[in-house]
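A closer look at the structure
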Amino acid sequence: MVKIGPVRGTQDLLDVRLEKKIIDQLTAHLLLHNFQQIQTPIIETLELFLRCVGQETDVVGKEMFLLEPRDEEKLCLRPELTAPTFRAFLNSGVQSGPWKVFAHGPMFRYERPQKGRWRQFEQFNVENIDAQDITHDIALISLLDRVFRQIFKLQTYILQLNFLGTASERQLHRAALVEFLSAQQQQICHTCQVRMHANPLRCFDCKVESCQQILEQAPLLLQFLTADSQAQWQQLQQALQLLDVNFVINPRLVRGLDYYNGVVFEFQSMALGAQNAFCGGGRYDLAIPLELRKPVPSIGAAIGIGRLALILRETGLQPDLTLPPLYLILPMTAELKILGLMLARQLQAAELRTDVLLDDCSLSNMLKKANRLQAAKVLIIGEQEAAQNQIIVKDMLTGAQQVVLQAELLQALQ
Ligand code: HAM
């Protein structure tokens, strides 16, 4: 046998009931909040992410799955959904927002695989495009918090918040940060030395202990906010408190994508280990990288479905995933198989989960298979019963059996 496994960092999911349930629950919650479901392609142009997410980010600089181009245009597998959703907004002809949409599907990032980090993973992405007011941020964060707390019943997660200000505030902070890092150049790691010039904010993401210690003293963006940004930042915090959303402020939370300004946030769970964020988002505007004439302030977030499923499994908070009882029809001869399929059709039409065993084998082997399939009842059609339009109904738990008319089978099962 030639054994070919899945590609490193990808996985076969042989039971997706939990993932499907999570997506169904998120979908219902978003529809309730008047968001609309959309779908964008998995393949996008590389240019979209180069412009929108930023060349200096790990996601674009190091982790893109590039596709061999047949024409001039470079293509890639999407690593995230914010840029594609924004692109869809611009192409849709919708003139103004708020455009409240969500989408889910696979994303691709060539990262080092580890627990909770895959090269293909499912995201549930929510965007509110062309939504200027800070209350949109408050509404989205509280919507997410409610879904995690009330619908998924998560108890031990942390919502971290930070405020990345405006471009001019970030510019002032950047100058101060570069000056600070330059003075420490000999002490910081090689990656930080490179990032210091390319994207100094990302130094706050460094996991090297000595860098973290040094960065404790670094100037923070929050110290550079103007009165206007300060007022929004305060309004956001006060409103979240009023709405009963617990959060902690992490002034070093920078997120790995370049498009953010204003509030950024991450929902983190201790159940996940090093890759502890199961949802992340913030405010952004892609008008400048896409050279639009006017700003399109927007806010959004993405939930990692695989990570949320991991948390629910590891903390025993899985929702009820039991399937309805299985009715298994056992035709005793080859000639009776079609009758079996016809009876199955009637039961399925009445929403009863039904299957037919179609491989020739003895009754005892069929009953063994029925046990393996965890059938609640088997419906045995022998030649004698068929001749009299009857069928045997056997309860697999108690072993009790009765003979009923095929025409009355449905009533006998309900
Ligand atoms: P992100 O933080 O890169 O944000 O990803 C969002 C979530 O996707 C993470 O919190 C995590 O749960 C999951 N995730 C990311 N990478 C992986 C991976 N390699 N394996 C498994 N799960 C992963 C974004 O993608 C932004 N587009 C979110 C956003 C929407 N911001 C504004 N709108």
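Look up: the structure comes first, before these words.
Residues numbered from 1 in each chain as written. Predicted model: local features only at pLDDT ≥ 70, side-chain atom pairs only at ≥ 80, totals over all residues. Heavy atoms only, no water.

1. Comments concerning the site of the ligand
What counts, and what does not: Near residues are defined by distance, with any heavy atom within 4 Å of the molecule or strand qualifying the residue. The term polar contact refers here to a pair of N or O atoms within 3.5 Å; inside protein, the definition further demands a hydrogen-donor-capable atom paired with an acceptor-capable atom, and it admits residues adjacent in sequence only when both atoms are side-chain atoms. Helix and strand definitions here come from DSSP, where helices need a minimum of 4 consecutive H or I residues and strands a minimum of 2 consecutive E residues; each element is numbered from the N-terminal end. Residues are grouped as follows: Ala, Val, Leu, Ile, Met, Phe, Trp, Tyr, Cys and Pro are nonpolar; Asp, Glu, Lys and Arg are charged; all remaining types, including Gly, are polar.
Close to the ligand lie 27 residues; Glu 80, Glu 111, Trp 118, Arg 255 and Tyr 260 are nearest. Between a nitrogen atom of the ligand and a main-chain N or O atom of Trp 118, the distance comes to 2.8 Å. In the model, a nitrogen atom of the ligand is placed 3.5 Å from a nitrogen or oxygen of the Gly 300 main chain. Secondary structure elements with two or more residues in the shell around the ligand: β6 (120-129), β10 (277-284) and β11 (298-304). Looking at the shell around the ligand, the element that brings in the most residues is β10, giving seven residues. Partitioning the shell around the ligand into residue classes produces eleven nonpolar, nine polar and seven charged.

2. Description of the sheet that holds strand β12 (residues 326-331)
The line we're drawing: Only strands joined by at least two bridges in the DSSP assignment are considered to pair. Axis definition: a line fit to C-alpha positions, over the contact stretch in the case of helices; interaxial angles, taken between N-to-C directions, run 0 to 180 degrees. We call two residues contacting when some pair of their heavy atoms lies within 4.5 Å.
Pairing in this open sheet of five strands is mixed, and the strands run β13-β12-β14-β15-β16 from one edge to the other. At either margin of the open sheet sits one strand with a lone partner, and together these are β13 (353-356) and β16 (401-405). Going from strand to strand, the sheet's axes swing by 25 degrees on average, the running direction of each strand aside. Sheet topology places strand β15 (residues 390-395) next to β16; five bridges connect them, and they run antiparallel. Of the residues in β16, the one forming a bridge with Lys 394 is Gln 401. Together, β12, β13, β14 (377-381) and β15 form the strand contacts of helix α11 (residues 337-349), whose direction differs from that of β13 by roughly 175 degrees.

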